[in-house]
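# Reading the structure
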Amino acid sequence: LFRSRLNWFEGLQTKKQEISSLKKILGGAWVEPVQRLLGSRNVTSEGLKGEEHSVRTEKDYCWDIPLVGQIRALIQQNQVAWKDILESSKRWSSTEPRPPPVTIADIPDGKLFCDHPKLGLCSGPIKCSSSSDGQAIKLAFKMYFDEVEIANPIGFAAGVHSICCFYVSLINLEPEKRNRLENTFVVTLALNTDLKRYGPLKIIAGALERTPNTKPLPDPLMDTSLGGQMRLLDAGVQMEVPCESALGGYEKRTVHGWIVVCCADYPAAAKMLPNATSASALLPCRQCNWQRKHEKAFAPSSFVRSSPSTLRCWKLRTTDQVCKKVKQPRS
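Residues numbered from 1 in each chain as written. Predicted model: local features only at pLDDT ≥ 70, side-chain atom pairs only at ≥ 80, totals over all residues. Heavy atoms only, no water.

### Looking at the packing of helix 3 (residues 67-77) against helix 4 (residues 79-92)
Where we set the bar: The axes used here are C-alpha line fits, helices contributing only the stretch in contact, and every angle between their N-to-C directions lies in the interval 0 to 180 degrees. Secondary structure counts use DSSP, requiring at least four H or I residues in a row for a helix and at least two E residues in a row for a strand, with both numbered from the N terminus. Orientation is classified from the angle alone, with under 35 degrees giving roughly parallel, over 145 giving roughly antiparallel, 65 to 115 giving roughly perpendicular, and any other angle giving oblique. By the convention used here, residues are in contact when the closest approach between their heavy atoms is within 4.5 Å. Asp, Glu, Lys and Arg are counted as charged, while Ala, Val, Leu, Ile, Met, Phe, Trp, Tyr, Cys and Pro are counted as nonpolar; the rest, among them Gly, fall into the polar class.
Interhelical geometry of helix 3 versus helix 4 gives an angle of 105 degrees and a closest axis separation of 6 Å. In this view, helix 3 runs roughly perpendicular relative to helix 4, as classed from their interaxial angle. In this structure, helix 3 uses Leu 74, Ile 75 and Gln 77 to contact helix 4, whose residues at the interface are Gln 79, Ala 81, Trp 82 and Ile 85. Considering only residue class, the contact of helix 3 with helix 4 consists of five nonpolar, two polar and no charged.

### A look at the nonpolar core
As a reminder, the rule being used: Within this scheme, the nonpolar core is defined by two criteria: the residues are buried Ala, Val, Leu, Ile, Met, Phe, Trp, Tyr or Cys, and they are joined through side-chain atoms within 4.5 Å. Between buried and exposed lies partly exposed: a residue is buried under 20% and exposed over 50% of the maximum accessible area for its type, with that area taken using a 1.4 Å probe on protein chains only.
With 35 residues, the main nonpolar core has Leu 67, Ile 71, Ile 85, Phe 141 and Leu 170 as its most contacted residues. Residue assignment for this core shows that the elements contributing at least two residues are helix 3, helix 4, strand 3 (137-149), strand 4 (162-170), strand 5 (184-191), helix 9 (226-235) and strand 6 (237-242). Beyond its immediate sequence surroundings of up to four residues, Ile 71 is in contact with Leu 139, Phe 141, Leu 170, Phe 185 and Met 239. By size, the runner-up hydrophobic cluster in this structure holds 10 residues, among which are Leu 119, Cys 128, Ala 136 and Ile 171.

### Points about the sheet that holds strand 2 (residues 52-64)
To be explicit about the condition: Following DSSP output, two strands are said to pair if at least two bridges run between them.
Pairing within the open sheet is mixed, and its seven strands lie in the order 1-2-5-4-3-7-6. Taken across any chain shown, the strands that pair with only one partner, and hence form the sheet edges, are strand 1 (34-46) and strand 6. Across the sheet, the axes of successive neighbouring strands diverge by a mean angle of 30 degrees, strand direction being ignored. In the sheet, strand 2 pairs with strand 5 via two bridges, with the strands oriented antiparallel. Its bridge partner lying in strand 5, Asp 64 is registered against Thr 188. Sheet contacts for helix 3: strand 3, strand 4, strand 5, strand 6 and strand 7 (250-264); angle to strand 6, the most-contacted strand, approximately 15 degrees.

### So, a nonpolar patch on the surface
Keep this limit in mind: Like charges are joined within 9 Å and nonpolar side chains (Val, Leu, Ile, Met, Phe, Trp, Tyr) within 5 Å, but only among residues with over 30% relative accessible area and no salt bridge; these make up the patches. In these tables, accessible area is a Shrake-Rupley quantity obtained with a 1.4 Å probe, and a residue counts as shielded only by the protein chains included in the view. Basic side-chain nitrogens of Lys or Arg form a salt bridge, by our definition, when they fall within 4 Å of a carboxyl oxygen of Asp or Glu.
Nonpolar side chains collect at one region of the surface, where Phe 303, Val 304 and Leu 316 lie side by side and expose about 330 Å² of accessible area between them. With a relative accessible area of 43%, Phe 303 lands in the partly exposed category.

### Observations regarding helix 9
Most of helix 9 sits inside the fold, with seven of its 10 residues counted as buried. What helix 9 keeps buried is the set Leu 226, Gly 227, Gly 228, Gln 229, Met 230, Leu 232 and Leu 233. Where helix 9 ends, the next residue or the one after it, Gly 236, has phi of about 110 degrees, a positive value.

### A look at the pattern of salt bridges
A full pass over the atoms with the stated rule returns 12 salt bridges. Among the salt bridges present, the one from Lys 271 reaches Glu 147, with a minimum N-O distance of 3.4 Å. One end of the pair, Lys 271, is in helix 10 (residues 266-272); the other, Glu 147, is in strand 3, with 124 residues separating them in the sequence. Classification of Lys 271 as partly exposed rests on a relative accessible area of 24%. Note that Arg 231 and Asp 223 form a salt bridge whose closest N and O atoms lie 2.8 Å from each other. The exposure class assigned to Arg 231 is partly exposed, which follows from its relative accessible area of 28%. The exposure class assigned to Asp 223 is buried, which follows from its relative accessible area of 1%. Among the ionic contacts, a cluster of salt bridges with common partners joins Arg 41, Arg 56, Glu 58, Asp 60, Asp 194 and Arg 197.

### With respect to the confidence of the model for the chain
Stated formally: Confidence per residue, as judged by the predictor, is encoded in pLDDT with a range of 0 to 100.
For the chain, per-residue confidence averages 82 on the pLDDT scale, and residues scoring 70 or more make up 85% of the total. Every residue in residues 208-221 scores below 50 in pLDDT, and together they form 14 contacts with partners more than four places removed in sequence or on other chains.

Encoded structure:
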């Protein structure tokens, strides 16, 4: 396996030759990566005595692989995946009353999914005039965030070249298929240092970030970020998909999609959420009053019961308190 993969670029000495080889290997599944500018900063070099020698401007970029293009390639190149997408979309578009599941066996059985206004039990179909059955295609995604160390993981430069990766899987596929490598869509790659410098909103939301000084792009398709692609799918994207009729061929259908699950391990989630950035931090989140080094930190405790054998000194925030905190940045 290693030999077959390492021989991919044997004899290829330029970037152009490598790209041409990749396109030949992947065929119709190839989607062109897009470089996205995050911002620029001034970098000052200092001498041995701390004096400034020169100031240069460096631009920071991340790389997007447009999700819409990857979904289009999957539908057109993988008949098995298209069958699963079609069946699940019809199930999520049914007008027949569906009883809520009594056992959670998969993501579509959870309350969040069942109550979703576009995917849930009472959502109904979305009209599409160009399709044979008059219904648009519904897609549901699971997003995952993690880091990848690609250079010198144990040397002095450990962490310097760490890359953060955002990728999604398609919930329409059967559970045993959706997490396979060929069905995993990498959507954004960025340096971990840039994630800290610009924040996750800039990396995920992209150029259409809702700020007073941001002008909308002249062409929405230029927004290749995960947020931009999801806004396109929410509005609906026209795609050439295989016909359901026996005659075969392709027809135009509107495709919609939404993210319903976001996953990450503890260190990765700490970079995206208001938690501590390390599992060894004194406080597990930025507004907790529990402290790891407190003399009673690991004593029996309960938020519900108060008895001589359990402590009740740690505060638990209510849902209303959390909602107020979430609304503050929006105002």
